[in-house]
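Tertiary structure, described
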Amino acid sequence: MSSLNSVDPQIAELIKAEERRQADTVKLIASENYASKAVLEATGTVLTNKYSEGYPGKRYYEGQQVIDQIEILAIERAKSLFGVNHANVQPYSGSPANLAIYLAFLKPGETVMGMGLPFGGHLTHGWSVSATGKWFNPVRYGVRQDTGRVDMDEVREIALRERPKLIFCGGTAIPRTIDFPAFAEIAREVGAVLAADIAHIAGLVAGGAHPSPVGHADVISTTTHKTLRGPRGAMLMATSDEHATALNKAVFPGLQGGPHNHTTAAIAVALKEAATDEFKDYARQVVMNAQALAEELSGRGFDLVSGGTDNHLILFDLTPKGIGGKPAAQALDKAGLETNYNSVPFDTRKPFDPSGIRIGTAGVTSRGMGVAEMRQIGAWIDQVVSAVAKGEDEAKHVITRVHGEVTELTSHFPAPGL
Ligand SMILES: Cc1ncc(COP(=O)(O)O)c(C=O)c1O
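As annotated in an unreviewed UniProt entry, the chain is Serine hydroxymethyltransferase from Streptosporangium subroseum. On record in UniProt, under Cofactor (unreviewed entry), the comment for the chain is "pyridoxal 5'-phosphate".

Given below as structure tokens:
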């Protein structure tokens, strides 16, 4: 970063500080990961200088000799990795990708059915504060209180009653496998378009560690930066040509201008990496790690939503530990364990001060950590949370000790890209 060091030492220093923070921290945020050095290199290139409104072979600017080749590579790799006929790699991120689905298939005021935010759905699945909840008519499904899992009979009942034109499955805090065939059957029955939002699990789907929505969902939306381990970006995929055309038009010119070509190149790199056997091993290990961590936490009296996990994600309710999610997450962060506070289904507390914490194992698995480290992390989470629940003085001592042990552990597991 020699140029950055001399032009803007303030920003250069802050970037270095963030790099050190990422290296020294156990990243347990379920939506984050470590992009590889190759992915990072592709993002920091001259591709950011180029405007390319349109699609390969049909652009509104000249000079696309190279950009077209890059976008075609990204598209072909996405098609091959996920087994779809069509991929659009231009959405700036997951939220605009989902908005493009609305634009492609719904008129304002029409009905969308998605999982409610407090149950694990995403804002863009029709939650009230999102444009998708304000401009469309949202109806919601959740999980059963006794199992913490989606009840497909209930989903069917709501769909038959409300007749949505669009149904979203998938979400942002779902620890269990998504039943794509069952959602597809319901969507067919009511004549709705089924959108599978696999933002969280895309890397697991690509690596064969979660069933694929291909062949079931009409449209697949994903971010590229979570378990898939690419740059910040998103993709929309489909199998039918009719849907493909609608999606392309919705992304450009419907919602966006010029694609971020440096991101497109980095997505292409990440997709190449995701097609390797090493990536399949990583995807399997992510799930094994999550299950080991879930078992450790459960054994220590943590109340896991749905009792465990099938994927990379664990959601737990801290009510039995006598502490809210926010103070617990803040204490864990001080100890070098990075998590986020999160609502749990049927939460009686407010979203900004909820009862739960959400964690995930993609980042730690990318660093090469395995089951033994998950057991240790589970023990640390318990020690910090229990100490904070007991009071300030006890917590300070425990946080300092755990922080030292976390730094020692992370020093043995270099993170990709750092
Ligand atoms: C399921 C799901 N969809 C969409 C998004 C939105 O992605 P972005 O934050 O890139 O807009 C997220 C982000 O967390 C998500 O979890």
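1. Some thoughts on unusual backbone geometry
In the segment running from Phe 252 into Pro 253, the intervening peptide bond is cis, with an omega of 10°. Of note, Pro 253 is situated in helix α10 (residues 241-255). Positive phi, close to 70°, is recorded for Ser 306, a residue that is not glycine. Summarising the element assignment, Ser 306 is placed in the loop between β11 (303-304) and β12 (313-317). Take Ser 306: its relative accessible area is 14%, and that puts it in the buried class. In this structure, Phe 346 is a non-glycine residue whose phi angle is positive, near 65°. Tracing the chain through its elements places Phe 346 in the loop between β14 (340-342) and β15 (356-360).

2. What about empty space enclosed by the protein?
Over the atoms rolls a probe the size of a water molecule, and its path tells where empty space is left. Going through the model one piece at a time under the given rule, you end up with two cavities of 30 Å³ or more. Its volume calculated, the largest cavity comes out at about 70 Å³. Around the largest cavity, the lining residues are Gly 170, Gly 171, Ile 174, Arg 176, Ile 178, Asp 197, Ile 198, His 200, Ile 201, Asn 311, His 312 and Leu 313. Residues that form the lining of the largest cavity fall into these classes: five nonpolar, five polar and two charged.

3. Quick notes on a nonpolar patch on the surface
Where nonpolar side chains cluster on the molecular surface, the patch consists of Met 1, Ile 11, Leu 14 and Ile 15 and spans about 370 Å² of accessible area. Structurally, Met 1 is set in the segment before α1 (2-7).

4. Digging into the sheet that holds β12
Either a parallel or an antiparallel arrangement is found when strands of a sheet pair, and the pairing is made through backbone hydrogen bonds. What the four strands build is an open sheet, ordered β11-β12-β15-β14; its pairing is antiparallel. Two strands in the sheet have a free side with no partner beyond their single neighbour: β11 and β14. When β12 meets β15, the two strands line up antiparallel, connected through five bridges. The residue bridging Leu 313 from the neighbouring strand is Gly 360, located in β15.

Each value, and the rule that gives it
- Residues numbered from 1 in each chain as written.
- Predicted model: local features only at pLDDT ≥ 70, side-chain atom pairs only at ≥ 80, totals over all residues.
- Heavy atoms only, no water.
- UniProt positions renumbered as here; feature names shortened; annotations may be inferred.
- Helix = DSSP H or I, 4+ residues; strand = E, 2+ residues; numbered from the N terminus.
- Buried < 20%, exposed > 50% of the residue type's maximum accessible area, 1.4 Å probe, protein only.
- 1 Å grid on protein atoms, 1.4 Å probe; cavity = no way out; pocket = protein on both sides within 12 Å on 5 of 7 lines; lining within 4 Å.
- Points joined across faces, edges and corners; volume = space filled by probe spheres on them.
- Nonpolar A, V, L, I, M, F, W, Y, C, P; charged D, E, K, R; others polar.
- Patch = residues over 30% accessible without salt bridge, like charges linked within 9 Å, V, L, I, M, F, W, Y side chains within 5 Å.
- Areas by Shrake-Rupley, 256 points an atom, 1.4 Å probe, with all protein chains shown as cover.
- Salt bridge = Lys/Arg side-chain N within 4 Å of Asp/Glu carboxyl O.
- Pairing = 2+ DSSP bridges.

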